[in-house]
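# An overview of the molecular structure
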Amino acid sequence: METKKVVVIGAGVVGSAIARVLSKYQNLEVFLLEKNIDVGWGSSKANSAVIHPGHEDDPSKYPLRSKLCVRGNRLWHSWAEELDVPVKWPGELMLAFSERDVEKFQYYLDLAEKNGVPDVKIVYSDELRELEPNASPDAIAGLWAPTAGLIAPWDAVLGLVENAVDNGVKLFTETEVEDIVIENGIVKGVQTNRGFFEADIVINAAGLYADIISKKAGIDFDITPRRGEYYLLEEDVQPRVKRIVHQVPTEITKGVFISETVEGNILIGPSAENLPLDAKDDVSTTKKYLDYIWESAKRLLAKMPPKSSVIKTFAGLRAEPPSGRWIIEAYDNPKGFINAAGMRSPALTSSPAIAEYIVNELIKNKLGVKLVEKKDWNPYRKGIKKFKLLDDRKKEELIKENPKFGNVLCMCKEVTEAEIIEAIERMKKIGIKTISLDGIKFRTTSMFGWCQGSFCRVRIARVAANYLGMPEWKIFVKDNKSSYGVGYVKTFFKTSQGDGEV
Amino acid sequence: MMTTKYDSIIIGGGPAGLAAAIKAKELGLNVLLLENRDVLGGIPLQCLHPGFGLHYFKEDLTGTEFIYRFIDKFQKMGIEYFTNAHLTEIENISDTEKRIKVITSKGLQTFTAKTIIYATGARERHLYEIGVTGKRLPGIFTAGEAQTMMDVYGIMPGKEIVIVGSGDVGLIMARRFALEGATVKAVIELMPFPGGLTRNVVQCLDDFGIPLYLSHAVTRVEGDSTVEKVIISEVNERLEIKEGTEKEIKCDTVVVAAGLVPYIKILEKIGVVKDQATRGPIVNEYLETLIPGVFTAGNALVINDLVDHVVEQGELAAFGASEFVKNEGIPTRKWKRVFRGRNVRLLVPHYVSGENDVIIYARVSRPMNKVKVRFPEINKEVRLPVVKPAEMISIKLKKEEIQRAVDRITMEVLSNE
């Protein structure tokens, strides 16, 4: 049996899902490369977190999107359970404010039937209000899609990567692909800032940068960064929404969504703004679009939560392909190069199905690689136990075992010292080199709450630095350029040009 | 799990909580204090600057010195307390029984008490609450976080600083950074007047040559992987951005001192009614909230500018708790509501009885010179040379005066010119 080497470029939700599926086979050696210091920090981190039902894409226009979305929705039920990723299934309500909107519902009902999305129907008055008591009184009808879900997208990536690594995938962070090496029309590997990775198959899941990677393999297209801005509201705010509420989509956007995240916060957004091709990192928010989102959201609800309950605004970028069509292809030339590019919505939903499709349709069928399943493949991964969600007896036990569980560092989200340390250990286990406060934040939800870390960040930085044996101020925040502080106090009075260490 | 019943449990070991605990113990109550951080003292602990205790001790102390007088006394009195205690829940079992749940490194603990004094202080408003857009970059701190970093844990946040907000906290942090050798590039204030006390503008900015931009707003924060600059613009009288006035200031650190909000999440969960003006609970003259036996003091009640007032409120809440314990409830049957009149932005307490002298703490909406503070229903008038939104007014009403009112008292601030 011949072993094939596979390089997956990009540890976002798509690349990580592909890596997980590839990890099932004993004759594959899989390398997952990520240019950031941590996984899931591109589009996967900042999006609507919706698991779409799949009744909004026309299969004649977007055959892959419509097919893989429905399949992905179904797969997330089992994947979320296997990977212990927080998910819930509140269903989705598209609201109509005019007869014209209601007429459009028929289009989506037809798509639901074509795509095989179950139980989609139009609801009126009482049924509509019962489904969503906070729907605007101006809404005359709703299109109800009960299979819609919500997931914690960064947890999804962490679950996928931890599980993939557990099954033998090798993760390389801070590894940027500089070139795709091709000889005689056949892929030989990738050149990176950390050296050459030999590969028989290279899968490009580089998100916003997939066009740049693809060009290196001679396949030319552009990925447009499409920015979406959001509001995140505090957990206990009233009034709330029960469902994922949104408007009738337009050509550009699925419109503004309002939902209650798996963490219990209210999320409102996104906008949809095409940026220049080179603005692949511009996650700035803007007054213009934030105002637009708030106004749009107001139309959807009977009563909006107060603006004073906003705890943060943020923006994410979607990787928009030409004419909206995903580029999921294997090529005859260069052979061995596979694109998973232009991963716009519903890519989060579809990622498990995209991974399956790439392995079954492209690697097995098109490239003709024979795959042999591992007998001992482990589908399960456990998330970091959230102390806050345990019952009192379990909490007591844990504190008795490890008093660090009794030290609550993040007040807003009730995250303990023990969880912070476990997050660091998990980062190390998958091979993260730069431990950052953001890495801890996304693994524990600490610093995620009402105070946005203003009470607890310094305490968490101390615990982390202490654990890692480094000065507190040197702990990284977001990347390996941004330290928490610049030195100890009095550092500017030191005569030496030192780095501030005492 | 342990269960002990206290007369009063005090939540928060800052100035309000410590003062309340000491007073309550002096009044003979059986007291427990719970602090969330690993040290007692709250925010004054990290205030290295003077200006504390001018009223209370008639001395000019630093925050640290001030609070240590309370910590020392508290510890000498042997009052029971926990640090690193995280409050998860208050259960209002009856008017005279509250159960509270706490996580500590010794395990989950449940305590019951007849009264609670809630003195958890405030939280800070952050950048996204004041309409600043741009990237969420490392290098953005609230003033409180920056101060805790520097003066509890000795970490220097940055070198070139822009401070957003000219309240006392912003002004004092500007000086603190300057004293550490950092370059404070600017203090940005939205209003046409500084938010803090005049003495602080002089001592913290003027003495250090730090520029203050009044009627300016920070509109964006920019940078690649950390803060590199802020963009500011002038605003007009309606606080709207004036087009074409954009200016950038290079910096590596943005410190947000955009004001405080009472931190009363857990009180809200048990149904304490909030005043939209103070954003703290509605209280009577004992600083008892609308839930019998639940008292509040300090910045959890109303944002104060002087720690002396915070301590006063802590002691008053302790007096309230002791009256409550003695009488199995506050015995007052008839309350008179205190209303905000002209140019009064907020005030506490909201209800008075005429059974006690009461200090009314209030803030005005607009600055004014030569004013009379009037309480028309009781024919009381106090003259003040100047009032400013930044400076809390405290005025004592004697019980005989309050008795003159039938069912309401209004406070208004009028020009005397």
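### Details of the overall build of chain A
- A tally of helices and strands in chain A yields 12 helices and 24 strands.
- Its C-alpha radius of gyration of 23 Å places chain A within 12% of the 23 Å reference for a compact globule of 502 residues.
- Across its three principal axes, chain A shows a C-alpha extent of roughly 70 × 60 × 45 Å.
- Within chain A, counting contacts between residues at least 6 apart in sequence, those at least 24 apart form 73% of the total.
- Surface summary for chain A: the accessible area is close to 19300 Å², and the carbon and sulfur share equals 49%.
- Side chains of chain A give 70 positive and 70 negative charges; the mean places of these two sets differ by 2 Å.

### Some details on the domain arrangement of chain B
Residue and element names in this part refer to chain B.
- If you check the domain split of chain B, you get domain 1 (1-123 + 260-331), domain 2 (126-258) and domain 3 (333-417).
- Taken over C-alpha atoms, the centre of domain 1 sits 31 Å from the centre of domain 2.
- On the side of domain 2, 13 residues touch domain 1, which itself brings 12 residues to the contact.
- When domain 1 packs against domain 2, close to 1000 Å² is buried across both sides, 48% of that on carbon and sulfur atoms.
- Linking domain 1 to domain 2 there are 0 salt bridges.

### Quick look at the domain arrangement of chain A
Residue and element names in this part refer to chain A.
- Domain boundaries in chain A define domain 1 (1-86 + 149-223 + 321-383), domain 2 (92-146 + 225-315) and domain 3 (389-493).
- A straight line from the C-alpha centre of domain 2 to that of domain 3 covers 33 Å.
- With 6 residues of domain 2 at the contact, the number on the domain 3 side is 8 residues.
- Of the roughly 600 Å² buried at the junction of domain 2 and domain 3 (both faces included), carbon and sulfur atoms supply 46%.

### Observations regarding the packing of aromatic side chains
- Inspection of the entire model under this criterion finds 28 aromatic pairs over all chains.
- Note on W450 of chain A and Y263 of chain B: the rings are 5.4 Å apart at their centroids and 35° apart in plane angle, and the pair reads as tilted. Taken as a pair, W450 of chain A in the loop between α11 (437-444) and α12 (457-468) and Y263 of chain B in the loop between β18 (260-262) and α6 (265-269) lie in two separate chains rather than in one.
- Consider the rings of Y286 of chain B and W335 of chain B, whose centres lie 6.5 Å apart with planes at 85°: the pair is edge-to-face. Of this pair, Y286 of chain B sits in the loop between α6 and β19 (294-296) while W335 of chain B sits in the loop between α7 (307-327) and β20 (336-340), and the two are 49 residues apart along the sequence.
- A relative accessible area of 24% means that W335 of chain B is categorised as partly exposed.

### Overview of the sheet that holds strand β14 (residues 216-222) of chain B
Residue and element names in this part refer to chain B.
- Strand order in the open sheet formed by 4 strands is β8-β14-β15-β16, and the pairing between neighbours is mixed. The open sheet terminates on both sides in strands that have one partner only, identified here as β8 (133-134) and β16 (247-250).
- Sheet topology note: the β14/strand β15 (residues 229-234) ladder contains 6 bridges and is antiparallel. Following the sheet pairing, R220 is matched in β15 by I231.

### Re the pattern of salt bridges
- One pass over the structure, following the stated rule, counts 57 salt bridges over all chains.
- Between K478 of chain A and D438 of chain A there is a salt bridge, with the nearest N and O atoms lying 3.5 Å from each other. With K478 of chain A in the loop between α12 and β24 (487-488) and D438 of chain A in helix α11, the pair connects residues that are 40 residues apart, well separated along the chain.
- The partly exposed category is assigned to K478 of chain A, whose relative accessible area is 26%.
- We note a salt bridge from E160 of chain B to K185 of chain B, for which the minimum N-O separation is 3.8 Å. Of this pair, E160 of chain B sits in strand β11 (residues 160-164) while K185 of chain B sits in strand β12 (residues 183-188), placing them 25 residues apart in sequence.
- Note on K185 of chain B: relative accessible area 26%, which makes it partly exposed.
- One continuous salt-bridge network, built from bridges that share partners, spans R220, E222, K229, E248 and K250 of chain B.

### Comments concerning the interface of chain B and chain A
- In this complex, chain B contributes 50 residues to the contact, which on the side of chain A involves 57 residues.
- Buried area between chain B and chain A, summed over both chains or domains, comes out near 4500 Å², and the portion from carbon and sulfur atoms is 58%.
- In this structure, the connection of chain B to chain A is made through 5 salt bridges.
- The partner of K265 of chain B in a salt bridge is D236 of chain A, with the nearest N and O atoms 3.3 Å apart.
- At the junction of chain B and chain A, the tally comes to 18 residue pairs in polar contact (both at pLDDT 80 or more).
- With 4 residues, the single largest contributor to the side of chain B that touches chain A is helix α3 (residues 143-151) of chain B.
- Along the lines of polarity and charge, the residues of the side of chain B that touches chain A split into 18 nonpolar, 17 polar and 15 charged.
- Examined bridge by bridge, β24 of chain A and strand β10 (residues 155-156) of chain B share 2 bridges and lie antiparallel to one another. In the strand pairing of β10 of chain B, Y488 of chain A is matched with I155 of chain B.

### Quick notes on the environment of V87 of chain A
All names here are of chain A.
- Position of V87 relative to the elements: it lies in strand β4 (residues 87-88).
- Taking the relative accessible area as the measure of exposure, V87 reaches 27% and is therefore partly exposed.
- When the C-alpha positions of V87 and T261 are compared, they lie 9.0 Å apart, and in sequence the two are 174 residues distant.
- For V87, the contacting residues outside a window of four places in its chain are A80, L150, I151 and V262.

### Observations concerning the environment of E273 of chain A
All names here are of chain A.
- In this fold, E273 is placed in strand β18 (residues 273-274).
- Of the residues examined, E273 reaches a relative accessible area of 17% and is grouped as buried.
- Sequence-wise, E273 and R226 are 47 residues apart; in three dimensions their C-alpha atoms are separated by 5.3 Å.

### Quick word on a nonpolar patch on the surface
Residue and element names in this part refer to chain B.
- Where nonpolar side chains cluster on the molecular surface, the patch consists of L190, M191 and L239 and spans about 210 Å² of accessible area.
- Tracing the sequence through the fold places L190 in the loop between β12 and α5 (198-205).
- Given the relative accessible area of 36%, L190 is considered partly exposed.

### Regarding the side chain of N304 of chain B
- One can find N304 of chain B in the loop between β19 and α7.
- At 2.9 Å, the side chain of N304 of chain B forms a polar contact with the backbone oxygen of V302 of chain B.

### A look at the sheet that holds strand β2 (residues 28-33) of chain A
All names here are of chain A.
- Taken in spatial order, the 6 strands of this open sheet run β9-β2-β1-β13-β21-β20, and their pairing is mixed. Each of the sheet's edge strands pairs with one partner strand only, and the pair in question is β9 (170-172) and β20 (327-330). Taking each pair of neighbouring strands and ignoring which way they run, the sheet shows an average axis angle of 15°.
- Bridge count between strand β13 (residues 201-204) and strand β21 (residues 337-341): 3 bridges; the pairing is parallel. Along β21, the bridge assignment pairs N204 with N339.

Conventions and cut-offs
- Residues numbered from 1 in each chain as written.
- Chains lettered and ligands numbered in written order.
- Predicted model: local features only at pLDDT ≥ 70, side-chain atom pairs only at ≥ 80, totals over all residues.
- Heavy atoms only, no water.
- Helix = DSSP H or I, 4+ residues; strand = E, 2+ residues; numbered from the N terminus.
- Rg over C-alpha atoms; globule rule 2.2 N^0.38 Å.
- Contact = heavy atoms within 4.5 Å.
- Areas by Shrake-Rupley, 256 points an atom, 1.4 Å probe, with all protein chains shown as cover.
- Lys, Arg positive; Asp, Glu negative; His and termini not counted.
- Charge placed at Lys NZ, Arg CZ, Asp CG, Glu CD.
- Domains from an automatic or database assignment.
- Buried area = accessible area lost by both parts, 1.4 Å probe.
- Salt bridge = Lys/Arg side-chain N within 4 Å of Asp/Glu carboxyl O.
- Phe/Tyr/Trp six-rings, centres within 6.5 Å; stacked < 30°, edge-to-face > 60°.
- Buried < 20%, exposed > 50% of the residue type's maximum accessible area, 1.4 Å probe, protein only.
- Pairing = 2+ DSSP bridges.
- Polar contact = N/O pair within 3.5 Å; in protein donor to acceptor, adjacent residues only side chain to side chain.
- Nonpolar A, V, L, I, M, F, W, Y, C, P; charged D, E, K, R; others polar.
- Patch = residues over 30% accessible without salt bridge, like charges linked within 9 Å, V, L, I, M, F, W, Y side chains within 5 Å.
- Axes fitted to C-alpha atoms, helices over the stretch in contact; angles between N-to-C directions.

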